[in-house]
Structures are given as C-alpha cells and as structure tokens.
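Here's the letter readout for the chains.
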Amino acid sequence: MAAYRIAQVPEARSAVLSSLAQQEQSVFTDPAPANEGRALSPDGWTLVSAGAGRVTAYDVATGRPVRTFGGIGEAPVTAAMGPDGDTLALAGGGRLELWSLRSGRRLGRGGWMPGAPADYDGRPASLEFSPGGGYIVVRANLGGPYVELSNVARRALEKQDVYVSNARVGPGDRFAALEITEERTVTALRALPGGGTPAGKRLPSRGLQGQVMAISPDGALQTRFTASGSLLLARTGDTVRGWSVPGCTETGRLGVPRKGEPITRVSPDGRTVVTISSEDLTTGPTFWDAASGR
C-alpha cells in the first residue's frame, strides 16, 4: 500500500489487489517513520531504512535491527540495494553515494544529475541496480520522465547525446535498451560501457516504436533466438512485438489486454511470455510462446 501511495503504477496496483486475498503473516513498524529512503535486499530478508543522518537495517522476519551507522547527511534520500546484498545506493541533493551495509563504510560518491548546483535539494524518484550490479538506473520527474544511467565502477554517469525517458539493462550488464524521445519515442540498443550501438546489432529503421517491457534473463548476444536466447519485447498500442537480439528479427506478435496498462513478464528460460491487465485481474494471465507469438 505504501508503494502504491508513492507511485500509482500498474505493478503497485496489482500487488495491492493481490494482497487482498493473502492473509497477513507479520508486521513491524519502522521506528523512524519519517525516513523516505527504504529498500529491500535482493533475498527479501533485510529492510534498509535511511534518513535523518542514519542507516538502519532490519531483519524482516523479526523486525529487529541488525545494523546501523551514520554519516549519510540529514537530507532525505532515495535508496536501493545492489544484487550483492551489501552495496547500498543513496541519492539526495545532487549526490549519489555508495555504502557498504556490512561495514558502514562509504565506497564512493558521484552525481545523479549532471550540472546540479551545490545547493540543489531534490532527489530522484527511484534507483534501480542493473542485474549485474555494474549500473544504476536513476529515474526522476523533472517536468517529465528523466532517466540517467550511472556507472558504479567509475562513479559517473554514462554520457548520453539524446533524451532518454526509460532504460532497461540486460543481464550481464552487456547492453541496455533505451527509450529515446525526440520527435517520437523509439527503443534503441546500446552496448555497455560506452553506449555505442553494437556492431551488426542495429534495430530496424531508427528503432522500435513503443515501450520496452522486458529483456530475457540470459542476456546473451546470440545470432538467433533459442530456448535460452535473448528477447526484446516492445509494445505499440495493444500489440507486443518480440525481437531476437542481436538479429533484431521479429519473433512474433502478442495481443495484450486492451483494458489498462498490460503487465508483461518473461520466464527464466525465455520461452514463455505472460501478460495480464493491470485493471482487470478477473480474467487471469495469458501465456504465450515467445518464439512464435502463439
């Protein structure tokens, strides 16, 4: 419910509706309710609460604090946990800092917004680590969707010569699918690091129209789609089209629910796509063969 109040996106709404049918297991209250920087560890067992100069980590099962440290500054922050379960990203003002949750030591710092003045007190709406932990997708609303890609090792933003309205980093951190908005919004594939277009891996025309929904979990750049190959899904209107990566040949078209924003997920082996309407959960999910679109 808290997530839905902060961002009323289809995924949060779906989770709220699903929770109505689930019996409450346990509950504990954060002693610092004013904190706005909260994040779950990848395994779901640790909740981090950051704000007012301190970070406190709680055991989710018992609600007991397991780690606390200070030094993060008094300003409100946005938080995210890395896939290693130790790296904590905190963004507030114009800065983006990385901390070790286990040791309480700052690992490095950089910026999340280029050209931010020293007295800037804003913070991003969300931080999201890439699957490999090498990048952080920074999302904000600065009069419209604003997205930056932060390189964790360099503590610096990846330079973009275009306006990026969304980003998805593929598994292995080898490439990213970027929504680029100029006269229209297209999806472009970019190699990481550096952001160049992978050789021989250009998307049709200037790119795919529509929203990037998912990248199959293996993230391998293969010459053809296989059971464990890569798949890029892009939605245009009420149709989701699948494209092999890097061949960029269309693998199939999936009709998606017309009511509400569709929620789309890809199975771990890349063979099956699941779609469901965010506003009509009574009809249940639809399962598609990714290779043929059936």
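In this text, all values refer to a predicted model and were calculated from it rather than measured experimentally.

Enquirer: Outline the overall build of the chain, supporting the account with residue identities and numerical values.
Expert: Looking only at helices and strands, the chain has two helices and 23 strands in total. Buried positions account for 47% of the 294 residues belonging to the chain. Residue pairs at least 24 apart in sequence account for 36% of intrachain contacts in the chain once pairs closer than 6 positions are excluded. Of the roughly 15000 Å² of accessible surface on the chain, 51% is carried by carbon and sulfur atoms.

Enquirer: Break down the sheet that holds strand 10 (residues 135-141) for me, citing the residues and quoting the values.
Expert: Judged by pairing direction, the sheet is antiparallel, and its four strands sit side by side in the order 9-10-11-12 without closing on themselves. Each edge of the sheet is formed by a strand with only one pairing partner; in this case those strands are strand 9 (126-129) and strand 12 (156-157). Note: strand 11 (residues 145-151) against strand 12, two bridges, orientation antiparallel. Looking at strand 12, one finds that Asn151 is bridged to Ala156.

Enquirer: Outline the confidence of the model for the chain, listing residues and values.
Expert: Residues with a pLDDT of 70 or more make up 74% of the chain, whose mean pLDDT is 78. The lowest-confidence element of the chain is strand 16 (residues 208-209), averaging 56 in pLDDT; the highest-confidence one is strand 5 (residues 78-81), averaging 96.

Enquirer: Break down the sheet that holds strand 4 (residues 65-70) for me, with residues and values.
Expert: Strands in a sheet are paired, the pairing made by backbone hydrogen bonds, and the direction either parallel or antiparallel. Pairing is antiparallel across the open sheet formed by four strands, whose spatial order is 1-2-3-4. Of all the strands in the sheet, just strand 1 (37-40) and strand 4 have a single pairing partner and so form its edges. Going across the sheet, the axis of each strand differs from the next one's by a mean of 15°, ignoring polarity. Direction of pairing for strand 1 relative to strand 2 (residues 46-51): antiparallel, over a ladder of four bridges. Note on strand 2: the bridge partner recorded for Arg38 is Ser49.

Enquirer: Got a sec to walk through the environment of Trp112? Specific residues and values, please.
Expert: Checked against the element boundaries, Trp112 lands in the loop between strand 8 (106-111) and strand 9. Note on Trp112: relative accessible area 0%, which makes it buried.

Enquirer: Could you give an account of the pattern of salt bridges, with specific residues and numbers?
Expert: The final tally for this structure, using the stated rule, is eight salt bridges. For Asp30, the salt bridge goes to Arg38, with nearest N and O atoms at 3.0 Å. Taking the relative accessible area as the measure of exposure, Asp30 reaches 10% and is therefore buried. When its relative accessible area of 36% is taken as the criterion, Arg38 is described as partly exposed. When the shortest N-O distance is used, the salt bridge between Arg139 and Glu128 registers 2.7 Å. Of this pair, Arg139 sits in strand 10 while Glu128 is found in strand 9, placing the two residues eleven residues apart along the sequence. Given a relative accessible area of 17%, Arg139 falls into the buried group. In the salt-bridge network here, residues are joined through shared partners; they are Arg95, Glu97, Arg106 and Arg109.

Enquirer: Just give me the short version of the packing of aromatic side chains, but keep the residues and values in it.
Expert: One pass over the full model with this rule turns up two aromatic pairs. For the pair Phe69 and Trp99, a centre-to-centre distance of 5.6 Å together with 25° between the ring planes defines the contact as stacked. One end of the pair, Phe69, is in strand 4; the other, Trp99, is in strand 7 (residues 95-100), with 30 residues separating them in the sequence. Note on Phe69: relative accessible area 7%, which makes it buried. Trp99 gets classed as buried once you look at its relative accessible area, which sits at 5%. Considering the side-chain rings of Trp112 and Tyr120, the 6.2 Å spacing of their centres and the 50° angle between planes classify their relative orientation as tilted. With relative accessibility at 24%, the residue Tyr120 sits in the partly exposed group.

Enquirer: Describe unusual backbone geometry, naming the residues involved and giving the relevant values.
Expert: Phi at Ala52 is positive, roughly 55°, even though this residue is not glycine. A residue is classified by how much of its surface remains accessible, and Ala52, at 53% relative accessible area, is exposed. Even without a glycine there, the phi angle at Asp173 is positive, about 60°. With respect to the helices and strands, the residue Asp173 is situated in the loop between strand 13 (164-169) and strand 14 (175-181).

Enquirer: So what about the pairing of strand 9? Which residues, and what values?
Expert: Every second residue of strand 9 is oriented toward a common face, the buried set being Leu127 and Phe129 and the non-buried set Ser126 and Glu128. Here four bridges tie strand 9 to strand 10, and the two strands are oriented antiparallel to one another. Bridge pairing links Phe129 to Ile136 in strand 10. The hairpin formed by strand 9 and strand 10 contains five residues between the paired strands, and Gly133 there has a positive phi angle of roughly 80°.

Procedures and definitions
- Here the residue numbering is sequential within each chain, running from 1 through the sequence in written order.
- Restriction of local features to residues with pLDDT of at least 70 applies here, the model being predicted, together with a cutoff of 80 or more for giving and counting side-chain atom pairs; totals for whole chains, interfaces and linings are based on all residues.
- In computing side-chain values, all of the structure's heavy atoms are included and hydrogens and water are not.
- Each helix is a run of H or I in the DSSP string that is no shorter than four residues. Each strand is a run of E no shorter than two, and both are numbered from the N terminus.
- Partly exposed describes any residue whose relative accessible area lies between the buried limit of under 20% and the exposed limit of over 50%, with all areas from a 1.4 Å probe on protein chains only and scaled to the type maximum.
- Residue contacts are counted whenever heavy atoms from the two residues lie within 4.5 Å of one another.
- Surface accessibility follows the Shrake-Rupley procedure with a 1.4 Å probe radius. Residue values consider only the protein chains on display as shielding.
- DSSP calls a pair of strands paired once it identifies at least 2 bridges connecting them.
- How sure the predictor is of each residue is captured by pLDDT, a score from 0 to 100.
- An axis is simply a line fitted to the C-alpha atoms; with a helix, the fit covers only the stretch in contact. Between two such axes, the angle follows the N-to-C directions and lies from 0 to 180 degrees.
- Salt bridges are defined as contacts in which a side-chain nitrogen from Lys or Arg sits within 4 Å of a carboxyl oxygen from Asp or Glu.
- Between 30 and 60 degrees the pair is tilted, below 30 it is stacked and above 60 it is edge-to-face, where a pair is any two Phe, Tyr or Trp rings, Trp via its six-membered ring, whose centres lie within 6.5 Å.

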